[in-house]
Amino acid sequence: MPETYPFDDTQDFADTQRGFLGTISPGTITAADGRVVWDCDSYDFIRGEAPPTVHPSLWRQSELVARHGLFEVTDGIYQVRGFDLSNVTFVEGERGVIVIDPLISTETAAAALALYRTHRGDRPVVAVIYTHSHVDHFGGVKGVTTQEAVDAGEVAIIAPVGFLEPAIEENLYAGAAMARRAGYMYGAALPRNAEGGVGAGLGQTTSTGTVTLIAPTVSITETGQQLTVDGVPIVFQLAPGTEAPAEMHFHFPDRRALCIAENATHTLHNILTLRGAVVRDAHIWAHYLTEAITLFGDQTDVVFASHHWPTWDHDRAVAFLEFQRDLYAYLHDQTLRMLNQGYTGAEIAERMQMPPALDRVWSTHGYYGSVSHNVKAIYQRYMGWYDGNPARLWQHPPEAAAVRYVEFMGGADAVVAKARKSFDDGDLRWAAEVLDHVVFAEPDHADAKALLADTLEALGFGAENGTWRSAYLSGAYELRHGNFGTPTATASADVLTNLTPEMFFTGLAITIDGPRAWDLDFTARWHFPGHDSTLCTRLRHGVLVQAPDRPGDVAVTVTVPAAALPALASGDLAAAHAAGLTVDGDADALAQLFAVVDPSDPAFEIVLP
């Protein structure tokens, strides 16, 4: 362990218990069918000294994050922590309660609200605030309110401007790939023990309940915008392009409390997540933290976030924000400095040295993001995938390269024998690299798969980063036990219900199997009465293009009521017809369109070809 690990600093242990009011027992949350969607108790083993199979720093972080229950943040502000990957916060107003970030699943959100009411009374929900556009901050909304209550004006849904588009796009356009990879990143399929899942650093893992979405009714459009919600004054700060495309911070001046969303937590966050996402901007991330300090720092005695525990007292709170700001600024600036000296992303990741003053602070450690993969992400944002060396410009894809590597190295058996020596010598990174080639060249080579699983497991046991550990152990799990698919699917019915026609066609175009559609050429007109919209599409050259309605003949006219759009987006024409979809003209044209749709695979292989 590096000497810079501040194990003598135990403030976090006191902070995670501060204001504790109670929790649920047993700690399991179930769906209507009895299926367990969250289990607090499954992490009870994380106590005491770290076992040899878990990095001591990650063990410490996991013990802190696994603590669950209802906690008082400050007068009139409460959080339920440890009921999902994220926190849900309750702010008491004059007659009811404002809910901030209602978790991933309706089941976990409802359990959190019930726990709050047990201790604070049966206050009605008067508003919901989404801090940003990731599913763990809106997916459980129908566990705390209903669409009917929102439509009746009884509950406001408040979100940053531009919230809905990325909230849907991330779970639709590349949603299947992200969700499958998220199964690795969060270790949701791993057994909960010292050899398996101990947490993902930001939170323990993802709940597996019902994902919902209610569209915002109030948009925050500018920094400094003020609202009074149920008698509670709130001042907002937009922070787009930071941890999410649409994100905001907000301050409660009468309570001297700042919600910093997910831009300052007790870990180094991700500039690019292992599940995949649009690369984030570390420079603008640091800028908005500076702006938050400038706007609210002098009036803040507690900072709380959408994950982890709060930081109390003015000086500590501001210092926490400053350390987080300096973390992202340092990584950004030093990566740019070195890339301008000709170093590649991988080279910079190995050369990067963090300031000792940052290393000595627990909240800057890489439990969720890592210095290594964040540096590569910053490089990618500016320079792309190509590192400038033409020998790497047109490399073979993994399977083709694997066959050649293995042949050059003397065949699979010889490579496995050499890899075993590397494993025994502790050179795990190299063993993983060469065994990956063997498994992609000969996926049925039992010894290669077994040794690669052992190697990934050993790498996982040594990882301080929770997502790295989860990824390594998930790869080992699938090599040994087979594909576990996608534990948490986010492209739910509610997400599809909130599609706009334009987003529907963008999503549909992504699924067109181009070669199968090369010979098709027809135009369709689409009426969406619920959206008061009419569009035209043309399928030609394997490309589906949408455009505003225009005069002229079309092969088919399709009328899509709002109730039929989710079924249509799922590719279920029969269900769409049952929900009121009608076709005027060449019905075969519509059938031809959906016949060339290539659906996503929620169980594509990752560690096997």
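Use the structure listed above.
Residues numbered from 1 in each chain as written. Predicted model: local features only at pLDDT ≥ 70, side-chain atom pairs only at ≥ 80, totals over all residues. Heavy atoms only, no water.

Enquirer: What is the right way to look at empty space enclosed by the protein in this model?
Expert: On inspection of all chains with the given rule, the structure shows five cavities of 30 Å³ or more. Taken as a whole, the largest cavity spans an internal volume of roughly 320 Å³. What lines the largest cavity is a set of 27 residues, and nearest its centre among them are Val135, Ala182, Tyr186, Arg275 and Thr490. Among the secondary structure elements, those contributing two or more residues to the lining of the largest cavity are α5 (164-172) and α6 (175-186). For the lining of the largest cavity, the element with the highest residue contribution is α6, accounting for six residues. Of the residues assigned to the lining of the largest cavity, the class counts are eleven nonpolar, ten polar and six charged. Of the pockets and cavities examined, the second largest cavity occupies roughly 170 Å³. Lining the second largest cavity are 21 residues, with Val65, Arg67, Arg81, Gly82 and Asn87 positioned closest to its centre. It is helix α2 (residues 56-66) that provides the largest number of residues to the lining of the second largest cavity, a total of three residues. A per-class count over the lining of the second largest cavity returns ten nonpolar, eight polar and three charged. (1 Å grid on protein atoms, 1.4 Å probe; cavity = no way out; pocket = protein on both sides within 12 Å on 5 of 7 lines; lining within 4 Å. Points joined across faces, edges and corners; volume = space filled by probe spheres on them. Helix = DSSP H or I, 4+ residues; strand = E, 2+ residues; numbered from the N terminus. Nonpolar A, V, L, I, M, F, W, Y, C, P; charged D, E, K, R; others polar.)

Enquirer: How should I be thinking about the packing of α6 against helix α16 (residues 466-481) in this particular structure?
Expert: Geometrically, a packed helix pair is captured by the angle between its two axes and the distance between the axes. Where α6 meets α16, the closest approach of the two axes is 5 Å, and the angle between their N-to-C directions is 105°. Between α6 and α16, the interaxial angle falls into the category roughly perpendicular. Counting all contacts with α6, which are made through Arg180, Gly183, Tyr184, Met185 and Tyr186, the residues of α16 involved are Gly466, Thr467, Ser470, Ala471, Ser474, Gly475 and Glu478. Among the residues forming the contact of α6 with α16, the class breakdown is four nonpolar, six polar and two charged. (Axes fitted to C-alpha atoms, helices over the stretch in contact; angles between N-to-C directions. Parallel < 35°, antiparallel > 145°, perpendicular 65-115°, else oblique. Contact = heavy atoms within 4.5 Å.)

Enquirer: Even after reading the chapter, I still don't get the sheet that holds strand β19 (residues 543-548), so can you show me in this structure?
Expert: The strands making up a sheet associate through hydrogen bonds between their backbones, and the pairing can be parallel or antiparallel. Read across the sheet, five strands follow the order β19-β18-β17-β20-β21 without closing on themselves; strand pairing throughout is mixed. The open sheet has two edge strands with one neighbour each: β19 and β21 (582-585). Averaged over all neighbouring strand pairs, the angle between strand axes comes to 25°, with direction disregarded. Sheet analysis places strand β18 (residues 533-540) next to β19, joined by six bridges and oriented antiparallel. Within β19, the residue paired with Leu539 across the bridge is Leu544. (Pairing = 2+ DSSP bridges.)

Enquirer: Would you take a moment to explain the sheet that holds strand β7 (residues 97-100) for this structure?
Expert: Strand order in the open sheet made by the eight strands is β1-β4-β5-β6-β7-β8-β9-β10, with mixed pairing throughout. Whereas interior strands pair on both sides, the edge strands pair on one side only; in this sheet they are β1 (20-22) and β10 (218-220). The mean angle between the axes of side-by-side strands here comes to 25°, regardless of whether they run parallel or antiparallel. The pairing of strand β4 (residues 69-74) with strand β5 (residues 77-81) spans five bridges and is antiparallel.

Enquirer: When you look at the nonpolar core in this model, what are you seeing that I'm missing?
Expert: Of all hydrophobic cores here, the largest spans 77 residues; its most connected members are Tyr130 and Trp526. When residues in this core are grouped by element, the largest group, six residues, is from helix α3 (residues 106-120). Apart from the residues within four sequence positions on either side, Trp526 is in contact with Phe505, Ser533, Thr534, Leu535, Thr537, Val558, Val560, Leu568, Leu590 and Leu593. By size, the runner-up hydrophobic cluster in this structure holds 36 residues, among which are Ala286, Leu327, Tyr328 and Met354. (Core = buried A, V, L, I, M, F, W, Y, C linked by side-chain atoms within 4.5 Å. Buried < 20%, exposed > 50% of the residue type's maximum accessible area, 1.4 Å probe, protein only.)

Enquirer: Looking at this model, I keep getting lost on α6. Mind explaining?
Expert: A turn of α-helix holds 3.6 residues, and therefore any two residues three or four places apart point the same way. Across its twelve residues, α6 extends 16 Å between first and last C-alpha, which sits within 8% of the 16 Å expected from 1.5 Å per residue. The buried count for α6 comes to nine of twelve residues, which makes it a mostly enclosed element. Within α6 the residues assigned to the buried category are Gly175, Met178, Ala179, Arg180, Ala182, Gly183, Tyr184, Met185 and Tyr186. Packed against the buried residues of α6 are α5 and α16. Positive backbone phi, approximately 60°, marks Gly187, located one or two places after α6. (Expected span 1.5 Å × (residues − 1).)

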